[in-house]
Each structure stands twice: as structure tokens, then as C-alpha cells.
Amino acid sequence: MGTLRFSPGVLLFMLPAFALYSLFFLFPFLRTLYNSLFDWNGIGAWHFVGAGNYIQLAHDALFGRGILRVAIWAALAVLLKVGIALVLASMLRVPIRGERFFSAAFFVPVVISSAAIGLLFTLIYDADVGLLNIVLRGIGLGGLARNWLGDDDTALYAVIAVPIWHTIGYFFVILLAALRNAPEDVYEAARIDGANARVTFFHITIPMAWPVLQVCMVLAITAALKSFDYVFIMTKGGPGTMTEVPATYMYKTIFVNLQVGYGTAMATAIFLIALVSTLLVRRLTAFRTE
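Draft legend 1. Quick look at the overall build of the protein. Counting its secondary structure elements, the protein contains 12 helices and two strands. When the helices and strands of the protein are placed in sequence order, the string is α-β-β-α-α-α-α-α-α-α-α-α-α-α. For the protein, the spread of C-alpha atoms along the three principal axes comes to 75 × 75 × 30 Å. A buried classification covers 38% of the 290 residues belonging to the protein. Working note: accessible area of the protein is about 16,900 Å², and carbon and sulfur atoms make up 70% of it.

This is the structure:
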């Protein structure tokens, strides 16, 4: 068997990619980290505060509540978004009549921009002319009708429901590809042994798809932690601050309050929380792949 040898000439082919990576990720990240050490309004003088912004952030109750909201968002995303996608992929694992139609129907929402989806659901949730309230009143459940995005009790969950529905198709496609690459003889052996659909799903489908499920869980969690567009379009953090998440709070801090140093400290904190969450999820679920 041959041995791998490193050729210095390979570095020449890596330079363009590394240059783009440095320009659009590494340099902005280091600049953000540097800015977070200063009290700066984006225009005037810089005042070095060291870890002062991070100390202030640790005592910021609004930021803390935002972290709690995206934690709920992440848990629901894993449970519903990835869970429903896995069930749908499992149903279409074996080709059936009309599978192309169903696959396309599940994936179509993914190609629509989040801005358009946010505006669409803003209308659906409208208290007076919204489709959701019209349907509830039409089936005799008018007592449940409300201003879904203006009610403190429902606003956050109404927003969370939108990206869950919007991106189920994305995870469906990933999981469907994983399940269709699974050996069919394992399922055949289970059927011969008399395993029903529930046993097959929990003891064959999930274990065989687990490495891909890990990736899907990480993607769902990090997307929740970085969530901005749906909240900004639908509620802008309201009513009050009931749907304020770290990303929208960071945006307002930097571009509305002109506290660039403090806002970039939030950005760094969001990155670190997402990184730790990713490593933690992979560590907690690693036993499944051993």
C-alpha cells in the first residue's frame, strides 16, 4: 500500500481558498473580537475597557432572557423540525407512487426566502384578517382566536413555528439521502423476524441514521442560536421584549443605540455559545456512533 506524501506545491492551490476564508471570516472575526474590548459608538473616540463589555453582558438580564428563548427555540427545533423530517424521510425511504410529488412538496418552502415567509405568516397571524383566526372561527373555535404576534403568551411560539415549518424540507432531503443509502437487507431481516413499523423505526432507522441525525441536530441548534430574520421581520422583538433574542438585541445595540463595542461583545458571546453547544451536542450523542 502506498504512503501519502505532502507536496509543498499543494499550498499554491490552497492559497485562493485560504485568502477568501481570511477575508470574509477570519479577519472580520478577529476585528469583532478586537472591537469588543472598547467602548465605541462607531464614529467617535475609542475607549479601551478590556473585559468591561463582557462583565456588563454577564449581568444583562435582557440578554440572559434572550439566551433562554433561543434555548427553547433550539429544543423545539430538534424535537419538531428534525423529528418530523425523520418521520417523513422514513415514510419515503422505499420508493412509492408519487414520491417525487411528495418530495417536492416537502422541499418547496425551503426555496422561499425567510423574508417572504416572515411577511406571509405576519398576515396569517393577523388578529382581524389573518387566515389562522378565520379558520378557528369557521370551525367553531373562535374563543382561541387572538393576536398571535401581539400576545405575550403566544408571540414567541408563533415565531418559532415559522422556521420549523419553513426548513423541515431541508432536513427531510438530508435524512432521506441517508436512509436510502442504508442496506435494505437489514430491514428485510427485521421483517422476517416479525418486527413491526415502530420497532423498525426505533431500532433500525434511527441507529443507522444517527451520524446524519447528529449533523441535523447541530444545524438546527446553531440556526436557533443565530436566529434573527424571522424575529426581526415578524415582531422586531415585541410585544415589549417578549420575543427579543440575542441576535436582534445585538442589532439594536449596534445600529440603534450605537454601542458598537458592547454589541460586538454580544456577537462574540453568541459565537462562543454556538460553538460550545455544538461540541456539547456531539459529545452527548457520540455514544450512539460507537
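Having put the structure on the table, let's press on.
Draft legend 2. Quick look at the packing of helix α11 (residues 246-256) against helix α12 (residues 260-285). In the contact formed by α11 and α12, the axes pass within 8 Å of each other and the chain directions differ by 160°. On the basis of their axis angle, the class for α11 and α12 is roughly antiparallel. Where α11 crosses over α12, the handedness of that crossing is left-handed. Every residue of α12 that contacts α11 at P246, A247, Y249, M250, T253 and I254 is listed here: V260, Y262, G263, T264, M266, A267 and I270. A class-by-class count of the residues in the contact of α11 with α12 yields 10 nonpolar, three polar and no charged.

Draft legend 3. Here's a closer look at the nonpolar core. Counting 51 residues, the largest nonpolar core has Y125 and L213 as its most contacted members. Broken down by secondary-structure element, the contributors of at least two residues to this core are α3 (61-91), α5 (114-124), α7 (155-180), α8 (184-192), α9 (197-225), α10 (229-234) and α12. In terms of residue count, α9 provides more of this core than any other element does, 13 residues in total. Grouped together as the second largest cluster of nonpolar side chains are eight residues, L57, Y262, M266 and I270 included.

Draft legend 4. Quick look at the pattern of salt bridges. Following the criterion strictly, the structure yields six salt bridges and no others. Here E99 makes a salt bridge to R180, at a shortest N to O gap of 2.5 Å. Highlighted residues: E99 in helix α4 (residues 99-107) and R180 in helix α7, separated in sequence by 81 residues. By relative accessible area, R180 is classed as partly exposed at 36%. Overlapping salt bridges, with partners in common, bring together R93, E184, E188 and R191 in one network.

Draft legend 5. Inspection of unusual backbone geometry at higher detail. Cis geometry marks the peptide bond from G238 to P239; its omega dihedral reads -5°. As for its placement among the helices and strands, P239 is situated in the loop between α10 and α11. The residue K236 is not glycine, and still its phi comes out positive at about 55°. At L258, a position not held by glycine, the phi torsion is positive, near 55°.

Draft legend 6. Spotlight on the packing of α3 against α9. Close contact between α3 and α9 brings their axes to 9 Å; oriented N to C, the two are set at 140°. Here α3 lies oblique to α9, going by the angle between them. You can see that α3 and α9 cross each other, and the crossing is right-handed. Touching V70, W73, A74, A77, V78, V82, L86, V87 and S90 of α3 are F201, T205, I206, L213, C216, M217, A220, I221, A224 and L225, all from α9. The residue inventory of the contact of α3 with α9, partitioned by class, reads 17 nonpolar, two polar and no charged.

Draft legend 7. Region of interest: the packing of aromatic side chains. This model, assessed by the stated rule, comprises 18 aromatic pairs. Measuring from ring centre to ring centre gives 4.8 Å for F29 and F271, while their planes differ by 55°; the resulting arrangement is tilted. Of this pair, F29 sits in helix α1 (residues 10-35) while F271 sits in helix α12; the two residues are 242 residues apart in sequence, bridging distant segments of the chain. Ring geometry for F38 and F48: centres 5.5 Å apart, planes at 75°, overall edge-to-face. You can see F38 sitting in strand β1 (residues 38-39) and its partner F48 sitting in strand β2 (residues 47-48), a full 10 residues away along the chain. An aromatic cluster of at least three residues, connected via ring pairs, comprises Y34, F38, W40, W46 and F48. Here the basic side chain of R146 rests over the ring of W148, its NZ or CZ set 5.5 Å away from the ring centre. Here K236 stacks its cationic end above the ring of F232, 5.1 Å away from the centre of that ring.

Parameters and conventions
- Residues numbered from 1 in each chain as written.
- Predicted model: local features only at pLDDT ≥ 70, side-chain atom pairs only at ≥ 80, totals over all residues.
- Heavy atoms only, no water.
- Helix = DSSP H or I, 4+ residues; strand = E, 2+ residues; numbered from the N terminus.
- Buried < 20%, exposed > 50% of the residue type's maximum accessible area, 1.4 Å probe, protein only.
- Areas by Shrake-Rupley, 256 points an atom, 1.4 Å probe, with all protein chains shown as cover.
- Axes fitted to C-alpha atoms, helices over the stretch in contact; angles between N-to-C directions.
- Parallel < 35°, antiparallel > 145°, perpendicular 65-115°, else oblique.
- Left-handed = near helix turned anticlockwise from the far one by under 90°.
- Contact = heavy atoms within 4.5 Å.
- Nonpolar A, V, L, I, M, F, W, Y, C, P; charged D, E, K, R; others polar.
- Core = buried A, V, L, I, M, F, W, Y, C linked by side-chain atoms within 4.5 Å.
- Salt bridge = Lys/Arg side-chain N within 4 Å of Asp/Glu carboxyl O.
- Phe/Tyr/Trp six-rings, centres within 6.5 Å; stacked < 30°, edge-to-face > 60°.
- Lys NZ or Arg CZ within 6 Å of the ring centre and 35° of its normal.

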